[in-house]
Amino acid sequence: MERPDGEGTLENPIQLGAEGARRASAESLRQKDGADEFFACHLLSPESPFSGGSIFMQGEKTMESVLFPIVSKINEYLSNYILIFLLVGVGLWYSIKTRFVQVRCFGEGMKKFFGEMNLRGGAQKSGMTSFQALATAIAAQVGTGNIVGASGAILTGGPGAIFWMWIIAFFGMATIYAEATLAQKTRIVDANGNIKGGPVYYITTAFKGGFGKFLAGFFAVSIILALGFMGCMVQSNSIGSTMETAFGVPSWVMGIVLVIICAIIFLGGVQRLAAVTEKLVPIMAGVFLLGGLAILVCRIKYVPVTFGMIFKYAFQPQAIIGGSFGYALKTAISQGAKRGLFSNEAGMGSTPHAHALASVKTPHEQGVVAIIGVFIDMFIILTLNALVIISTLYAGDGPLAGCGAAAASTVFNKTNLAQSAFGTVFGETAGNMFVAVCLFFFAFSTILSWNLFGKINMIYLFGEKSRGVHTCLALVFIYLGTAMSNDLVWELSDLFNQLMVIPNVIALFALTSHVVKHSHSSDKLSGR
């Protein structure tokens with residue numbers, strides 16, 4: 001969920017739009033993203049019809065020029081300091097308190113995942129099946145950040161950054177268990193039989209009175225803006241620009257098609273969304289896995305070396321990053337931690353909305369299933385992408401073999417690193433198209449889930465009558481994302497995305513006893 005900063009050489013046409021509209025410095029949150037150079041250079045150029053009378057371009061000091069550096073600095077501070085400590089802290093806390101539930105109950109989660117897996121789960125009377133809820137959560141987690149995130153971590157922090165991403169993901173599995181368990185425990189059923197659940201409900205459970213309502217309202221507003229509106233705009237921008245540069249489809253045409261498809265799904269409610277995600281997620285993951293495994297088979301002799309580089313440069317990063325040992329180690333850890341945290345979304349408060357809708361006997365059941373979501377996102381999809389990049393570009397006869405991080409960043413950016421990796425085996429054109437197709441599915445699935453999460457919170461704030469308003473506004477933002485881009489919008493999206501973490505984590509700490517009870521005595525629980 002990041003965008004090019006202008007670093008590197010843009011060698012292939014597709015790279016302009018594939019990475020999306022997020023600022024790299026913002027270390028944007030799940031993935032899944034941003035404003036590409038094509039739009040910056042053409043749509044917002046002085047000659048462009050979009051620039052002359054635009055409110056973003058009038059005068060020497062526009063609103064954007066004033067607010068952009070301020071919001072950017074706030075984002076940098078949040079991502080580099082506050083959020084890292086909060087998210088790592090809550091992951092460590094729950095790992096210890098639940099006696100490492102991510103290890104003890106991992107087998108149970110896998111059994112439930114494969115036991116529930118059904119591409120035709122069908123419409124439920126209320127909510128979703130456990131697998132449909134997991135598929136909806138994974139759709140949000142597996143975004144374009146799975147390609148861009150791993151690439152950026154490797155490019156800046158070296159191959160060793162992947163090791164630290166694994167460590168962060170391990171602790172994140174305990175965090176997401178807590179989120180899913182609490183979402184199940186605190187959900188409510190309204191008079192029409194509709195299930196409602198998510199962080200706003202366990203926040204108000206943790207804190208009664210005005211303070212709880214304030215935190216819940218703060219979270220709801222943040223997620224509506226970050227995911228429901230601006231986030232979907234970011235994702236659609238990635239789709240529109242990628243399809244235009246890879247296949248020649250005009251971005252505005254792609255915008256119309258995307259709006260029509262999304263409208264059909266949105267208007268069908270939770271059941272239609274579940275029916276789509278339960279099929280889309282396994283297909284998109286399967287396509288990416290097949291492509292990645294094909295690369296690794298062709299580079300099989302370098303796979304052992306690849307794993308060796310990940311572990312070696314995790315503890316000897318100065319060999320590839322340069323500088324002192326302390327500086328290099330800090331860079332490797334920070335890159336792995338930030339990109340890992342923002343890719344799996346554990347602790348962010350987004351995926352609990354999906355897990356709350358699952359039809360299960362106890363909260364613990366969906367908690368262990370949620371653990372598998374982080375495992376698939378980080379240890380399978382993101383790791384596979386990392387192995388492809390390292391084995392083709394850094395290992396053996398790769399073009400970056402023995403090359404330092406600074407030198408590598410002058411040739412590649414976070415998107416064309418992945419494209420070049422797949423292109424080494426598939427060929428440049430086919431490699432570009434493969435990455436473009438994967439980015440399309442990743443971004444599209446994210447739009448579907450994020451829209452649901454935003455809508456749930458809109459209804460919490462303004463009631464059922466706001467459902468249609470949210471859908472209409474979301475469709476407008478989705479189309480605008482394919483037709484234009486604005487750096488301030490992307491930065492504001494990142495800001496609200498990060499702010500929603502704070503009330504969510506505060507509530508997670510406050511409700512520790514509820515989670516621990518379920519994780520320690522799950523076999524004795526017969527109800528909520």
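What you see is a predicted model, and the numbers here were worked out from it, not measured in a lab.

What counts as what
Residues numbered from 1 in each chain as written. Predicted model: local features only at pLDDT ≥ 70, side-chain atom pairs only at ≥ 80, totals over all residues. Heavy atoms only, no water. Helix = DSSP H or I, 4+ residues; strand = E, 2+ residues; numbered from the N terminus. Buried < 20%, exposed > 50% of the residue type's maximum accessible area, 1.4 Å probe, protein only. Areas by Shrake-Rupley, 256 points an atom, 1.4 Å probe, with all protein chains shown as cover. Phe/Tyr/Trp six-rings, centres within 6.5 Å; stacked < 30°, edge-to-face > 60°. Axes fitted to C-alpha atoms, helices over the stretch in contact; angles between N-to-C directions. Parallel < 35°, antiparallel > 145°, perpendicular 65-115°, else oblique. Left-handed = near helix turned anticlockwise from the far one by under 90°. Contact = heavy atoms within 4.5 Å. Nonpolar A, V, L, I, M, F, W, Y, C, P; charged D, E, K, R; others polar. Salt bridge = Lys/Arg side-chain N within 4 Å of Asp/Glu carboxyl O. Core = buried A, V, L, I, M, F, W, Y, C linked by side-chain atoms within 4.5 Å.

### Describing the overall build of the chain
Broken down by element type, the chain carries 24 helices and two strands. By the burial criterion, 61% of the 528 residues in the chain qualify as buried. Put simply, the chain shows about 18700 Å² of open surface, and 68% of that area lies on carbon and sulfur atoms.

### Some details on unusual backbone geometry
A positive phi angle, close to 55 degrees, is found at Arg-99, a residue other than glycine. Mapped onto the elements of the fold, Arg-99 is located in the loop between α3 (63-97) and α4 (101-104). Even without a glycine there, the phi angle at Phe-100 is positive, about 55 degrees. Within the element layout of this structure, Phe-100 appears in the loop between α3 and α4. The exposure class of Phe-100 is partly exposed, given its relative accessible area of 35%.

### Notes on the packing of aromatic side chains
Counted under the stated rule, the structure contains 25 aromatic pairs. Ring centres of Trp-164 and Phe-315 lie 5.7 Å apart, and the angle between their planes is 65 degrees; on these two criteria the pair is classed as edge-to-face. In this pair, Trp-164 sits in helix α8 (residues 161-186) while Phe-315 sits in helix α13 (residues 303-315), placing the two residues 151 residues apart along the sequence. With relative accessibility at 17%, the residue Trp-164 sits in the buried group. The structure contains a cluster of three or more aromatic residues connected by ring pairs, namely Phe-163, Trp-164, Trp-166, Phe-311 and Phe-315.

### Here we look at the packing of helix α9 (residues 199-206) against helix α10 (residues 209-247)
Following both chains from N to C, one finds α9 and α10 inclined at 165 degrees, their axes separated by 8 Å at the closest point. When the axes of α9 and α10 are compared, the pair comes out roughly antiparallel. Remark: the crossing between α9 and α10 carries right-handed chirality. Contacts from Pro-199, Val-200, Ile-203 and Thr-204 in α9 reach Gly-212, Lys-213, Leu-215, Ala-216, Phe-219 and Ala-220 in α10.

### Regarding the packing of helix α7 (residues 145-157) against helix α17 (residues 363-394)
Interaxial distance between α7 and α17 falls to 9 Å at its minimum, and their mutual angle equals 50 degrees. When the axis of α7 is compared with that of α17, the two are oblique. Here the hand of the crossing between α7 and α17 comes out right-handed. Across from Asn-146, Ile-147, Ala-150, Ser-151, Ile-154 and Leu-155 in α7, the residues of α17 making contact are Asp-377, Ile-381, Leu-382, Asn-385, Ala-386, Ile-389, Ile-390 and Tyr-394. Here the residues of the contact of α7 with α17 sort into 10 nonpolar, three polar and one charged.

### Focus on α7
Counting buried positions along α7 gives 12 out of 13 residues, so the element sits mostly inside the fold. Following α7 by one or two positions, Gly-158 adopts a phi angle in the positive range, close to 80 degrees.

### Re the environment of Asn-75
With respect to the secondary-structure elements, Asn-75 resides in helix α3. The class for Asn-75 is buried, based on a relative accessible area of 0%. Sequence separation of Asn-75 and Leu-499 is 424 residues, and the distance between their C-alpha atoms is 9.3 Å.

### Here we look at the pattern of salt bridges
Summed over the entire model, instances satisfying the criterion amount to four salt bridges. Between Lys-196 and Asp-190 there is a salt bridge, with its nearest N and O atoms 3.8 Å apart. Residues Lys-279 and Glu-278 are paired through a salt bridge, measuring 3.2 Å at the closest nitrogen-oxygen approach. Using a relative accessible area of 33% as the deciding quantity, one classes Lys-279 as partly exposed. Taking the relative accessible area as the measure of exposure, Glu-278 reaches 1% and is therefore buried. Look at the salt bridges and you will find they share partners, linking Asp-190, Lys-196, Glu-464 and Arg-467 into a network.

### Describing the nonpolar core
Ranked by internal contacts, the top residues of the largest apolar core, which has 141 residues, are Ile-239, Cys-262, Phe-288, Tyr-394 and Ile-478. In terms of residue count, the dominant contributor to this core is α17 (18 residues). Setting aside its immediate chain neighbours within four residues, Cys-262 contacts Phe-444, Ile-447, Leu-448, Leu-475 and Ile-478.

Read these as layout, nothing more, since geometry by itself doesn't imply function.
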